[in-house]
Structures are given as structure tokens and as C-alpha cells.
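Observations on the three-dimensional arrangement
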Amino acid sequence: MSRYKTILLFGAPGAGKGTQGKILGNIPGFYHLSCGEVFRSLDMGTKLGRVFLEFSSKGLLVPDDATIQMWHQNMHARTVLAIYKPNVDLLVLDGIPRNVNQAKLLAKHLDVLKVIHLMCPDKEKMMERLRRRAIKENRADDAKEDVIRRRWGVYEDETFPVLECYPKHLIAEVDAMGSPAEVLGKILGIVVPVQNEHYLSPANADSATDSRNVACKTAVRASSNGVKHTAKKASRK
Ligand code: ADP
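In what follows, the accompanying structure is described. Just so we're clear, the structure is a prediction, and the values are computed from it rather than from any experiment. (Residues numbered from 1 in each chain as written. Predicted model: local features only at pLDDT ≥ 70, side-chain atom pairs only at ≥ 80, totals over all residues.)

Near the ligand, the surroundings consist of 18 residues, among which Cys35, Gly36, Ser56, Leu61 and Gly95 are the closest. For the shell around the ligand, the elements supplying multiple residues, two or more each, are helix 1 (17-25), helix 2 (35-40) and helix 3 (47-56). With three residues, the single largest contributor to the shell around the ligand is helix 2. Residues belonging to the shell around the ligand are distributed by class as follows: eight nonpolar, six polar and four charged. (Near = placed C-beta within 6 Å. Helix = DSSP H or I, 4+ residues; strand = E, 2+ residues; numbered from the N terminus. Nonpolar A, V, L, I, M, F, W, Y, C, P; charged D, E, K, R; others polar.)

Each pair of packed helices gets described by two things: the angle between the helix axes and the distance between those axes. Interaxial distance between helix 1 and helix 8 (residues 180-198) falls to 10 Å at its minimum, and their mutual angle equals 65°. For the pair helix 1 and helix 8, the sense of crossing is right-handed. Contact residues: helix 1 offers Thr19, Gln20 and Ile23, while helix 8 offers Pro180, Val183, Leu184 and Ile187. (Axes fitted to C-alpha atoms, helices over the stretch in contact; angles between N-to-C directions. Left-handed = near helix turned anticlockwise from the far one by under 90°. Contact = placed C-beta atoms within 7 Å.)

Residue Pro97 follows Ile96 across a cis peptide bond; omega there is 0°. The residue Pro97 is located in the loop between strand 3 (90-94) and helix 5 (100-106) in this model.

What follows deals with the sheet that holds strand 4 (residues 110-119). Sheet strands pair via backbone hydrogen bonds, and the direction of the pair is either parallel or antiparallel. On the basis of which strands lie adjacent, the open sheet formed by five strands has the order 2-3-1-4-5 and parallel pairing. Looking at which strands have only one partner, the edges of the open sheet turn out to be strand 2 (30-34) and strand 5 (171-175). If you compare each strand with its neighbour and ignore which way they point, the axes differ by 25° on average. Alignment of strand 4 against strand 5, held across five bridges, turns out to be parallel. Within strand 5, the position partnered with Val115 by the bridge is Ile171. Lying over the sheet, helix 1 contacts strand 1 (4-11), strand 2, strand 3 and strand 4, oriented at roughly 150° with respect to strand 2. Of the strands in this sheet, strand 1, strand 3, strand 4 and strand 5 are in contact with helix 8, which crosses strand 4 at around 165°. (Pairing = 2+ DSSP bridges.)

Written as C-alpha cells, this is what we have:
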């Protein structure tokens, strides 16, 4: 099984992973998946839905096995339905892996090409973002002060060490304190070269007017890297 080529959006609660992920996911050639959003979309009457409510309402992580199984099933379904096309789209994940164990469990599924670390030195400012989001999005997990603080504690103790799981050269630090557009600009500066290196430009893939482009598209669908790079070079001739 080939692994999903992936960009990880990493950072503290309130750093803007969701905001940036959503914008990126609207750009052709990127596919965004937020683990928290998948959890929130569950039927809360199901067993997993109840487990999610139980843990998230306290600011805690859902147990790893349940999380990874749900994530994997969800990804598989999206791939089968061709909502996400691994040979065309670079996967942008946010909210997973959330601890070192999850990073280990995901290693067989993910080919991590970059980790975007959204940095926010001002903790109080981030807390303020969470409080505002709680009101705007009606999120129970961010409504109470003690839950917000616990989520921060979980981030510092369990999530932050995830950075150690990836080689330093894959980690890109981005200042998360600017406007969404400013932060996006910096992220694009990092992820566009990664996309260009591993995928054909989406613009080329869509304009299959000459035979070389058709050949490129076919090559993109064949999942082998070598085939893709050969086709990419041919299309430039
Ligand atoms: P935020 O982006 O604000 O940090 P999320 O929306 O990603 O929060 O997650 C909300 C809640 O969903 C978490 O507090 C946790 O209970 C649960 N959750 C999301 N992703 C994971 C994960 N990878 N592992 C365990 N629990 C998770």
C-alpha cells in the first residue's frame, strides 16, 4: 500500500491550523482533512460519538486506537469515493497526529513531506482566540476556562513532542500571529515547492489538449514516482 503524501499542519490550539487548512483545501491540488472536524461530524448517538463527547468536553484526547481507526476508515472512504485523489492531491492534515504514539501508528499510512509548525509565543493571545471561537462556533470544548487550560496542557505535554518524530529538515516554522492572509502567504511559500516537486501542476493536469498532457495525466494516475517525474520532464520539452 502506498502512503499518502502529506503536509502536517502543527501547532497549539488556536494557532489557526483549521483556518489555514480550510483555505489550502480550496486550492486545486490540495486536500484538507481536520481530525477534530471529522470527530465533530460523527453521529453523537453512536459509541464513538459518545466517546468523543466524553473526552473532548474535558479537553482530553480521544484514545489513540479509536482515533486512528476512525481516521483510517474515513480516509479510505474518501479515497474510494474519489473525494480525495492521492495521485492528484497533496493531503493537508490538521489535528493528527496528536501524540507520539499516534505519529508511530500513522507512519505506515503517511509519507510526511513537510510539517508546518504554526508558532505562537503569546499564549494569552491564543487563549483569547479560543474563547472567541467558542462563542462564534458554539464549541463546548472551548467554552469553559478550565477546559481551555487543560487543552493547552495536553498540547504542551503530549502534542508538542510529536515534532521530535520527524527529521528537522522537514519542519518549517511559521509565525502564526499575523493576519490569515499573511500566514497563508508564508505557508504557500513552503508548500507550493513541495507540490511542484511531487505533483504535476494542477493547471497542466486539467488542460489535456495535447497528447503530451494526456500522457502526463495518465502518468499521474499511475502512482509510481519515477513514472511521474519522467512525464513531468517530457511535458516541459
Ligand atoms: P483544535 O484545532 O482547536 O485544537 P480540534 O478541533 O482539532 O481542536 O479537536 C477537538 C477535540 O477533538 C480535541 O480536543 C480532542 O478531544 C478530539 N481530537 C481531535 N483530533 C484528535 C486526535 N488526533 N486524537 C485524539 N483526539 C482528537
